[in-house]
Amino acid sequence: MRFSSIAIRNYRQYRNLDLRFKKGDHDLQIIIGDNGTGKTNLLNAFTWCLYGKEPHLGTEDKGKGEPRLNKDAILEADGDENVRVKTISVTVEIEDNDDVVRVQRELPVRLSPGSITEKKAEEVFRVTRIKSSGVSTATVGEQAAAVLNRLLPEAIREYFFFDGEQLSNYFSETRSEAIRSAVDSISQIDSIREMRRKTDNTVKKLMQALNKTTPNLEAYTKKIEDSEEKVRIYSEKMQEAERTRDDAKRKIDELDEKLRGIPDVEEKERTRDELKERLATKRETLEEAQRQYFIFARELYVDFSFYEIAKSALDAIAKMEKEKQLPPSIDNAYLQEMLVQHKCEVCNRPLNADEEKHIRDLLERFQVSSETSNILTGMRSELRRLVDRVERYPTERDRLTKILKGAEKAYQETAKELDDVERCISNCPDVPAVKVMFDQRERLGELKDQAIQAIGSHKRTRDLAVNVLEKANREYSRALREQGALDDDRAAVEFGNRAVAILDRVEKSSIAETRKLMAEETESLFKGLVWKDNKCDHIELGPSYQLSLHDKAGFSCAGTCSAAERALLALSFTLAMHDVSGFQSPLFIDTPIARASGDNRANFAETLAEVSKGKQLILTFTPDEYSEAIASVFDPIAASYLKLELDENERVVSVKGAHQ
Amino acid sequence: MTEASKVPTTINIDKRMQDDVVGPIDECDYMLLSKSTVPHGELYLYAMALGWDKGMNPEMDKPSSGGFIRSESFSPKLTTLINTIHYAVVGFESPDSLRDHKAAFKLAEQYANGGFHLLEGELSGKADTEVTANDLIAEMTEKWQSWFGEKA
């Protein structure tokens, strides 16, 4: 299928434009035009003609409510009082195999002083299929729309009419459902689904009929219906949860992109508070280490000051001990008093001469008084400790110094960490907005996790219901036999049920196969267009056809893609969708390389040149975009090369075809 | 034999030192010696050590009334070092001199008085605990090496 021509009358910039898209080895149609010459409105002319829609209007046209009627036509009408109605018309001719399908939309516009009114009620939409034999079939209105919809379904028009400026948003809007629907439609999965639905209806009708003629089947039918309902409910719940998960994932990706390089302020603030607490603890530890160090210095100084005399005192005490000069707990004063009194101070008994001699010997031996002995003995242990502390000084000093240095280092490191975090927070632009985004991201993460759990839970319930349903179907078949239903009826129901089950499996495997092929083809095309091999490893396509790029470690790296790369990824995906589904519609891409530059442009040209071998491509460029690198690829193979030009009054566009 | 004397009830400090040294130390906690950090006995020990180390033992001009520390609250270390100073000054061959507690206290008061004078000088400067502690450590390290002949 290809567009062979478009004829435009009185539509926006186009007063009277006829474009023919010639066939060639490469069905590549190049349209060049400066800004304002109506490249995008050419795209709008197609979509308006085919669907009555102009989705690619610039903000200028939308905002000002610019009339659809060509300005020159308006001026012409102003000068001629007799001509008060002008007609906008666009005719697109489509080659569909050997047939030509002519699609025509005409809209009369009434012109009165100060107002331009489109006469919507009188709009004509006509589709005519002209067979190669010359026989033609014309349809109008809704019938014509239905005919065209089979050829170029409106639901998926955005997958063959592109605006390059919007390609980068291709995956960022809530479009996964639209993409899934488009893929299902293009890949004919819709047809399988429809076949399944019809088969199921037929079986149901047969069963209803059998219930009337065969007794006791209602209970089995009821069980089947209940199980089917449960399967349906939980399948829908699963899909809903999948949509929630995918939506959350996409929003998380979008937020990640916005937050790339921006710190999580709330997280940083939590870290800052934790660091403040940690710093206070480190300060306490440091202060305690300092305290121990200061006390050690002071106490040891005392010990050092008295070390020498302490040592001498200990030596003196040791010498006295050795010479047994230190008395036991006997008071010399008592002994002397006993000699004076000549009697024992303890028992009051008189002392004989031998006993008095013994006391005199004792007094001679214990030259040191008992009090002195007690003092010296008391001093000894304290002096030993003092001497020991001095002698062990280097060990204790090193231990305390190490603790102190460690505490200082830990304090400084924490202080620096805190300083970094505080600087990071103060450098963060618009802290409240960033906080909101991080908060959203966290909530979306929770939502995604909940959805994943729900998917698992619903899947288990659905699978159980499927088992029950299968069992109910078997029981129903058995009951049919037992109740004596006619063989033909029974066979029809059993066959129908088997067919429904097979179609279910076909649908599932088709979806899986399509998704797998599309992921592979998208990856292959994207590799051709641009490949960040150092960053990206492979492409994955989620259940809702949500594209994700992954690095070698398996982490998503879509966030690191530029807008141009995302546009090329969208283009790769679309080309893959056409290729895998076998959908042979043309592709019209307005300003396809709007965001691409350098190598990406050259890759883009090479890839599209290859695609144009089997598919019609209509591409519009500004002269600047149509760079030497692109021209060197496209010029030799382009089937048509059309240049749009505005007249000197900038009202009418004409075409100059280099290869026309 | 040396005359014995009873252990005095308190050990004393010069009135001016009490006002000009102990008071400020209690406020700034120099060398962690304020009354709120350690008992005054620790300050007295430190002052005695300073006086002994630097050989300063001036008589007190005017003792503080009521004494500085009650002897019953002395730490064993303070008691021991009061006695040790006395023992060293009198001579290790005269151990019974230790019974003269009054003389021992007087001697300790003089060396402590010398130490308080030195502290007064430090306080009139910047009196930084960290600086003093580091100086003391350096001084002790040097002393240790001179005594034991090894690298401390």
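Let me sum up the structure you'll find in this document. Position numbers for residues start from 1 in each chain and track the written sequence from start to end. Going through the entries in the order they are written, you letter the chains from A and number the ligands from 1. The predicted nature of this model means local features are confined to residues of pLDDT at least 70 and side-chain atom pairs, given and counted, to a pLDDT of 80 or more, with totals for whole chains, interfaces and linings taken over all residues. Derived side-chain values reflect all non-hydrogen atoms in the structure, with water molecules and hydrogen atoms excluded from consideration.

1. Overview of the overall build of chain B
Move 1: Numbering of helices and strands runs from the N terminus; a helix is a DSSP stretch of H or I covering at least four residues, while a strand is a stretch of E covering at least two. When its secondary structure is counted, chain B shows five helices and two strands.
Move 2: When the elements of chain B are put in sequence order from the N terminus, they spell out β-α-α-β-α-α-α.
Move 3: For chain B, buried positions account for 51% of its 152 residues.
Move 4: Note on contacts: a residue pair qualifies if any of its non-hydrogen atoms lie within 4.5 Å across the two residues. Sequence separation of 24 or more characterises 79% of the internal contacts of chain B that already satisfy a separation of 6 or more.
Move 5: Entry remark: accessible area of chain B is about 7100 Å², with carbon and sulfur atoms responsible for 50%. Classification of residues uses two cut-offs on accessible area relative to the type maximum, computed with a 1.4 Å probe and protein chains only: under 20% is buried, over 50% is exposed, and between them is partly exposed. Using a 1.4 Å probe, the Shrake-Rupley method yields the accessible areas, and only the shown protein chains count as cover for residues.

2. Looking at the interface of chain A and chain B
Move 1: Of the residues lining the interface, 41 residues belong to chain A; the matching set on chain B comes to 44 residues.
Move 2: Once two parts are put together, the accessible area they lose, assessed with a 1.4 Å probe and summed over both, is termed the buried area. Between chain A and chain B, a total of about 3800 Å² is buried, with carbon and sulfur atoms accounting for 73% of that surface.
Move 3: Taken as a group, A:Arg298, A:Tyr301 and A:Phe306 account for 21% of the area that chain A buries against chain B, more than any other trio of residues on that side.
Move 4: A side-chain nitrogen of Lys or Arg and a carboxyl oxygen of Asp or Glu constitute a salt bridge if their distance falls within 4 Å. For the interface between chain A and chain B, the tally reads two salt bridges.
Move 5: The salt bridge partner of B:Glu42 is A:Arg298, with a shortest N-O separation of 3.5 Å.
Move 6: Counted as a polar contact is a pair of N or O atoms within 3.5 Å, where, for protein atoms, one must be capable of donating a hydrogen and the other of accepting one, and residues adjacent in sequence contribute only when both atoms are in side chains. On inspection of chain A and its partner chain B, the count reaches 12 residue pairs in polar contact (both at pLDDT 80 or more).
Move 7: Mapped onto the side of chain A that touches chain B, the elements with two or more residues apiece are helix H8 (265–322), helix H11 (370–391) and helix H12 (393–427) of chain A.
Move 8: It is H8(A) that provides the largest number of residues to the side of chain A that touches chain B, a total of 23 residues.

3. What about empty space enclosed by the protein?
All names here are of chain A.
Move 1: Put plainly, a pocket is an open set of points on a 1 Å grid over the protein atoms alone with protein on both sides within 12 Å along at least five of seven lines, a cavity is a set where a 1.4 Å probe fits but cannot get out, and a lining residue has an atom within 4 Å of a point. Grid points are joined across faces, edges and corners, and a volume is the space filled by probe spheres set on the points. For the coordinates displayed, the defined rule picks out one cavity of 30 Å³ or more.
Move 2: Size it by volume and the largest cavity reaches roughly 40 Å³.
Move 3: Lining the largest cavity, in full, are Asp 264, Glu 266, Arg 270, Phe 438, Asp 439 and Glu 442.
Move 4: Where the lining of the largest cavity is concerned, the elements lending two or more residues are H8 and helix H13 (431–482).
Move 5: Here the lining of the largest cavity takes three residues from H13, the largest share from any one element.
Move 6: Counted by class, the lining of the largest cavity contains one nonpolar, no polar and five charged residues. Each residue receives one of three labels: charged for Asp, Glu, Lys and Arg, nonpolar for Ala, Val, Leu, Ile, Met, Phe, Trp, Tyr, Cys and Pro, and polar for the others, Gly being one of them.

4. Regarding the environment of A:Val92
Residues and elements named next belong to chain A.
Move 1: Assignment of secondary structure puts Val 92 in strand E4 (residues 85–96).
Move 2: When its relative accessible area of 0% is taken as the criterion, Val 92 is described as buried.
Move 3: Those residues in contact with Val 92 that lie beyond four places of it in its chain are Phe 3, Ser 5, Ile 6, Phe 46, Cys 49, Leu 50, Val 101, Arg 102 and Val 103.

5. Focus on the packing of helix H2 (residues 40–54) of chain B against helix H5 (residues 129–148) of chain B
Residue and element names in this part refer to chain B.
Move 1: Two elements in contact, H2 and H5, have axes whose closest approach is 15 Å; the angle formed by their N-to-C orientations is 50 degrees. Taken as axis vectors, H2 and H5 run oblique relative to one another. Viewed along their axes, H2 and H5 form a crossing whose handedness is left-handed. On the side of H2, the interface is formed by Tyr 46, Asp 53 and Lys 54, while H5 contributes Thr 132, Leu 136, Glu 139 and Lys 143.
Move 2: Grouping the constituent residues of the contact of H2 with H5 by class yields two nonpolar, one polar and four charged. The axes used here are C-alpha line fits, helices contributing only the stretch in contact, and every angle between their N-to-C directions lies in the interval 0 to 180 degrees. Orientation is classified from the angle alone, with under 35 degrees giving roughly parallel, over 145 giving roughly antiparallel, 65 to 115 giving roughly perpendicular, and any other angle giving oblique. Definitions for this section: a left-handed crossing has its near helix turned counterclockwise from the far helix by less than a right angle. A right-handed crossing has that turn clockwise.

6. A short note on the state of the cysteines
Here is the idea: a disulfide is a covalent bond, and it sits between the sulfur atoms of two cysteines.
All names here are of chain A.
Move 1: Count a disulfide wherever a pair of cysteine sulfur atoms falls within 2.5 Å. Enumeration over the complete set of coordinates arrives at zero disulfides over all chains.
Move 2: Cys 347 carries a free sulfur, and the closest cysteine sulfur to it, the one in Cys 344, is 3.6 Å from it.
Move 3: On the basis of relative accessible area, Cys 347 is assigned to the partly exposed category, the value being 47%.

7. Observations concerning the side chain of A:Thr414
Move 1: Position of A:Thr414 among the secondary structure elements: in helix H12.
Move 2: Once residues lying within four places of it in the same chain are set aside, the contact partners of A:Thr414 are A:Leu275, A:Arg278, A:Leu279 and A:Lys282.

8. Observations concerning the nonpolar core
Move 1: Here the nonpolar core consists of buried residues drawn from Ala, Val, Leu, Ile, Met, Phe, Trp, Tyr and Cys, with membership extended through side-chain atoms lying within 4.5 Å. Ranked by size, the top nonpolar core spans 88 residues in total, and within it A:Phe3, A:Ile6, A:Ile30, A:Leu50, A:Ile94 and A:Phe634 carry the most contacts.
Move 2: Here this core takes eight residues from helix H1 (residues 39–51) of chain A, the largest share from any one element.
Move 3: Sequence-distant contacts of A:Ile30, defined by excluding residues within four places in its chain, comprise A:Leu619, A:Phe621, A:Tyr626, A:Phe634, A:Ala638, A:Ser640, A:Tyr641 and A:Leu642.
Move 4: Membership of the second largest hydrophobic core comes to 76 residues, among which are A:Ile375, A:Val390, B:Trp52 and B:Phe116.

9. Considerations on the packing of aromatic side chains
Move 1: Only Phe, Tyr and Trp rings take part, Trp by its six-membered ring, and two of them pair if their centres are within 6.5 Å. Stacked means planes under 30 degrees apart, edge-to-face means over 60, and tilted covers everything else. The full count for this structure, using the stated rule, is 24 aromatic pairs over all chains.
Move 2: Ring geometry for A:Phe3 and A:Phe46: centres 4.7 Å apart, planes at 45 degrees, overall tilted. Here A:Phe3, found in strand E1 (residues 2–11), pairs with A:Phe46, found in helix H1; they are 43 residues apart in sequence, far enough to count as distant.
Move 3: Ring geometry for A:Phe296 and A:Tyr393: centres 5.9 Å apart, planes at 5 degrees, overall stacked. Of this pair, A:Phe296 sits in helix H8 while A:Tyr393 is found in helix H12, placing the two residues 97 residues apart along the sequence. Here A:Phe296 and A:Tyr393 have matching classes, each one buried.
Move 4: One aromatic cluster is present, formed by A:Phe296, A:Phe304, A:Tyr307, A:Tyr393, B:Trp144, B:Trp147 and B:Phe148 through successive ring pairs.

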